[in-house]
Amino acid sequence: MTGPVSTMKSVSTGTPGKVAVQEIERPKAGPEDVVVRIRACGICGTDTFFVAAGGMPVSAEERPTVALGHEPAGEVVEVGHAVTDIAVGDHVVINPMTAPSGLIGTGGPLGGMREYLLVEQAVLGRTLQKVAAQVPFDVAALNEPMAVARHGVNRSEAGPGDKAVVFGAGPIGLGAAIWLKLRGAHVVVVDIVPEKLEKALSVSADAVINSSIEDVHQRLTELHGVATNALGAPRAGTDIYLDAAGAPQVIDTTVACAKWGARLVIVAVHKKPVDISGILRSELTILGSMGYPTELFEVTPDLADHWERFAKIISHRVPFTEVQHAFDLALTPGAADKVVVTFPDQAAG
């Protein structure tokens, strides 16, 4: 008989554009820790940034290696003796921001794109959370990005009857559209890719606009009615604008469309100046949205309740044995929307 496997495979940055799969020591749980066998891990834009750069660019010369993956979901296989509310076999999602040794997958020594992950100082509701067993692991791995989307919607203070538009039908935009619908808002999604707009409708958006061929202001006015800005000029009746695209045109379009007192939530990153005078004319409220201060585990039960809808966000499920292909897809513009790496369903050794 052979003893327990003492090593595992872990993914980190390699040469620019490539990942490195390393054989490293499998972790063991300390008294306050648990070990999770990773069953799925999503690929985020942060991961692709590190991979494209060949590491974390801290200077022109240095590219320190980055352990990849901050969207993991898995099954608990080892529990420290001081941990009382987590058991072997529990399905869990993990908070990448609270590891004592450093951020998981974004600069700390641990990454979620590996066969086993040590969750240090495991505290239910802080470092990890149980997820219902009926939720497929690939969908559970959406917990972290869906928390980002949920924070944007929370910032908007959307409620029943609000009229909202989401720019960008990528994973965050689609997640925001779902959360807005679940709050009772009327939701329009704007993008330039027909396939993405079809997906937006499939996750229950009320309407879509292809901004490459349609006039966004005109269509929003048709869908949300006519209102005015502070000077009485006609504007669309949209209450909430949520930017998950990051294109400069989004800000320009919002300023041109916004009625008096409309709200714009920016989840995406912008580097160009905006039209301040247009903001004044609409008394537009602009809200930044960064990460998930309280939302990471707030979304977990709702993700479970609506997992079939969230599953539609995933465009590619790639086995861990083909992890370079998964990153190639994620790095290629237009090749994929949301890529999730899946790990084999086998007994823990």
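Residues numbered from 1 in each chain as written. Predicted model: local features only at pLDDT ≥ 70, side-chain atom pairs only at ≥ 80, totals over all residues. Heavy atoms only, no water.

Caption draft 1: Representation of the packing of aromatic side chains. One pass over the structure, following the stated rule, counts 3 aromatic pairs. On the numbers, 4.9 Å between centres and 50° between planes, the contact of Trp 179 with Phe 310 is tilted. Taken as a pair, Trp 179 in helix 4 (residues 171-182) and Phe 310 in helix 10 (residues 307-311) lie far apart in primary sequence, 131 residues in all. Residue Trp 179 shares its accessibility class with Phe 310, and that shared class is buried. Taking the ring centre of Tyr 116 as reference, the NZ or CZ of Arg 26 above it sits at 4.0 Å. (Phe/Tyr/Trp six-rings, centres within 6.5 Å; stacked < 30°, edge-to-face > 60°. Helix = DSSP H or I, 4+ residues; strand = E, 2+ residues; numbered from the N terminus. Buried < 20%, exposed > 50% of the residue type's maximum accessible area, 1.4 Å probe, protein only. Lys NZ or Arg CZ within 6 Å of the ring centre and 35° of its normal.)

Caption draft 2: Representation of the sheet that holds strand 10 (residues 207-210) within the structure. As summarised here, the arrangement of the 6 strands in space is 10-9-8-13-14-15, forming an open sheet in which the pairing is parallel. Edge positions in the sheet fall to strand 10 and strand 15 (285-288), since each has one partner strand and no second. For this sheet, the mean angle separating the axes of adjacent strands, direction not counted, is 20°. Bridging between strand 13 (residues 240-243) and strand 14 (residues 263-266) involves 4 bridges; their strand directions are parallel. (Pairing = 2+ DSSP bridges. Axes fitted to C-alpha atoms, helices over the stretch in contact; angles between N-to-C directions.)

Caption draft 3: Region of the structure containing the pairing of strand 8 (residues 163-167). With 4 of its 5 residues buried, strand 8 lies for the most part within the structure. Pairing of strand 8 with strand 9 (residues 186-191), which is carried by 5 bridges, proceeds in the parallel orientation. Paired with Phe 167 across the bridge in strand 9 is Val 190. Taken together, strand 8, helix 4 and strand 9 form a β-α-β motif whose crossover is right-handed. (Right-handed = clockwise from strand over helix to strand, strands pointing away.)

By themselves these figures say nothing about function.
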